[in-house]
Amino acid sequence: MEGSTITTPFSFWSTTARSVSAFDAACILAALWAFVKVFSAVRWRMNTTQLRGPPRTSVIYGVSDDLLSSTDAATIYERWAEEYGVVYVIPAVLGQTRIVLCDPKAIAHFYARETWTYVLTPLSLAFIEGLIGRGLLWSQGESHRRQRKSLTPAFSNVAIRKLTSVFYDSAYKAKCAWETIIESSKDGNTIIEVENWMNHIALDTIGIAGFSHDFGSLDGKHSVVAEVFDAFGHNPSASAMNKFFFLLAQVFPIMTKIPTKRGKLTKKLNTAMSEISNDLLTRSRREKDVNARDTEAGKSVMGLLIKAEDQDAELHLSGEEVLAQMKVLLIAGYETTSISITWALIELSQHPDVQTRLREELLAFGPDPTYDQLKVNLPYLDAIVHEILRLHPPVTESTRLAAADDVIPLSEPVCTASGTMTESISVAKGTFITIPIAAINRSSVIWGPDAKQFKPDRWLVEDGISGKAKEVQGHRHLLTFVDGPRTCLGKDFATAEFKAVLSVLVKSFVFEMRDGPETKVEIVRGILPRPRIVGEDGIGVPLRVRRYE
């Protein structure tokens, strides 16, 4: 019939297929996703030793909120180790779990395989990339090895020896400023907010030592980088919403891109560091062309980065990687050192006998010690520095993801969930592993019954370091600088600066807690956890300071 439409079987099924294809595809994808999830869960359970651990306190968060909200998560980790053994499992966000290692042998095995078998978590990758880019902290495996090797010469003993004068210059700038403040006071002493000053000492030092750039923060010059760094310290309290986003980001890393208050600060800091880093790179490239024969300049941080930009360089770094390295050094040089020196001044204020003994050692030595003398000729200074690094590590824990199946040996048997004893544990690919750094550094089982006490003498007497502590493989048996391929590249730089600055300040001033020796100190969030006197705003650590006569 003219004008009629003939429906064939083929056209019927074609039309039907088009109408349901989107629905079918969605169903197939959902089924595949569910299958992968179930298969992964079954495989993980079959290939991972089932361990004991604390019960879930929240259906959504597991125990993650308890740890995040605690003022002393290290003690919680240690208590669980005493109850469940040197390795145990904890429930995390939305059904995830983490295996916690508190055994020195297991930790040594873990660190030896980091960047290859144990890699950064998706959340760590997202956060680090958002803050500083794809540099040394972000990279893994062969990329990490290449980037680290390109920077290593800048942190050799030879290089740091030449930078020691920079450490002293920053310390003496603060000393002169404090003397002026004290002279203007009525009774020869004054209240100084020391943490802010330590921030500026650290920033100016890394600027000059790392990039030949003076931020001038000790001279009162305005710096956008310093302003944003300080802003983190003045917003230390995590709101309920920020905590919610942070905890869920452990499962959904894309949530790090949600513009929370802290997220906006992170983006602002990244922008500020990028601008100053680009300016410094442009200037350094020009100076390289002018001073092409200056071999010493080529061994500095900036010199090595410029050299690595060359396409023909043996350890070539991309422009993005070079920029990221500069931001890594800015943050590491600012945050960790300033936190450690602040803690030292707090502990010395709370222990005046230790402060007096340190001052006597420094005054008896005489002039400012050289780099080599700082390392070996001042044992009590060395003991105090390492006791601070033990008690107050700037990074308190780290979590990694198993990229492959592994078997982790233990130094002592542990009881599994089924009640059997085992001397090793199996972990499947996809397992989260946590190292509670602060808990290990302060563990009574590892460091003895006085592990929580500030006791520098433990580093000086023959039996001060217990046998169990000697099993911890890390710088001076500490996990503060971690271990293995990711050992802190700048640890010698950091300890030399720490000692130099502390020696100048303690020789020149007497420090006391403003409100007496029983003043309480709490931990708050900067970029890293920071000390704060209870009742102060931001990251305030006001100490009573007077000149030593």
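Residues numbered from 1 in each chain as written. Predicted model: local features only at pLDDT ≥ 70, side-chain atom pairs only at ≥ 80, totals over all residues. Heavy atoms only, no water.

Engineer: Tell me about the confidence of the model for the protein chain, and name the residues and values.
Structural biologist: Of the residues in the protein chain, 90% have a pLDDT of 70 or more, and the chain-wide mean is 88. A low-confidence stretch, residues 1–5 (pLDDT under 50), is modelled with zero contacts involving residues beyond four sequence positions or located in other chains. (pLDDT = per-residue confidence, 0-100. Contact = heavy atoms within 4.5 Å.)

Engineer: Talk me through the environment of Glu-275; I want residue IDs and the actual numbers.
Structural biologist: Within the secondary structure, Glu-275 is located in helix α11 (residues 261–290). The class of Glu-275 is partly exposed, set by a relative accessible area of 48%. With 51 residues separating them in the primary sequence, Glu-275 and Val-224 have C-alpha atoms 9.8 Å apart. (Helix = DSSP H or I, 4+ residues; strand = E, 2+ residues; numbered from the N terminus. Buried < 20%, exposed > 50% of the residue type's maximum accessible area, 1.4 Å probe, protein only.)

Engineer: Tell me what's going on with the pairing of strand β8 (residues 432–435), and back it up with residues and numbers.
Structural biologist: What you see with β8 is no split at all: Phe-432 and Thr-434 on one side and Ile-433 and Ile-435 on the other are buried throughout. In this structure, strand β2 (residues 97–101) lies alongside β8, joined through three bridges in parallel fashion. By the bridge assignment, Val-100 is partnered in β8 with Thr-434. Relative to β8, strand β5 (residues 398–402) runs antiparallel, the two being bridged by four bridges. Bridge pairing in β8 places Thr-399 opposite Thr-434. (Pairing = 2+ DSSP bridges.)

Engineer: Residue-level account of the pairing of strand β1 (residues 87–91), with values.
Structural biologist: Burial analysis of β1 places five of its five residues in the buried class, which makes it a mostly covered element. Burial of the side chains of β1 extends over both faces: Val-87, Val-89 and Pro-91 are buried on one face and Tyr-88 and Ile-90 on the other. Relative to β2, β1 is paired through five bridges, and the arrangement is antiparallel. Pairing of Val-87 across the sheet is with Leu-101, part of β2. Remark: five residues form the turn of the hairpin made by β1 and β2, two consecutive strands paired antiparallel; Leu-94 in that turn has positive phi of roughly 50°.

Engineer: So what's going on with the pattern of salt bridges? Residues and values would help.
Structural biologist: Under the counting rule described, the total for this entry stands at 31 salt bridges. One salt bridge in this structure joins Glu-114 and Arg-486, with 4.0 Å as the shortest N-O distance. Of this pair, Glu-114 sits in the loop between α4 (104–112) and β3 (118–120) while Arg-486 sits in the loop between α18 (444–447) and α19 (491–508); the two residues are 372 residues apart in sequence, bridging distant segments of the chain. Of the two residues examined, Glu-114 and Arg-486, each falls in the buried class. For the salt bridge of Asp-382 with Lys-499, the shortest nitrogen-to-oxygen distance reads 2.7 Å. Separated by 117 residues along the polypeptide, Asp-382 in helix α16 (residues 379–391) and Lys-499 in helix α19 bring together distant segments of the chain. The exposure class assigned to Asp-382 is buried, which follows from its relative accessible area of 10%. (Salt bridge = Lys/Arg side-chain N within 4 Å of Asp/Glu carboxyl O.)

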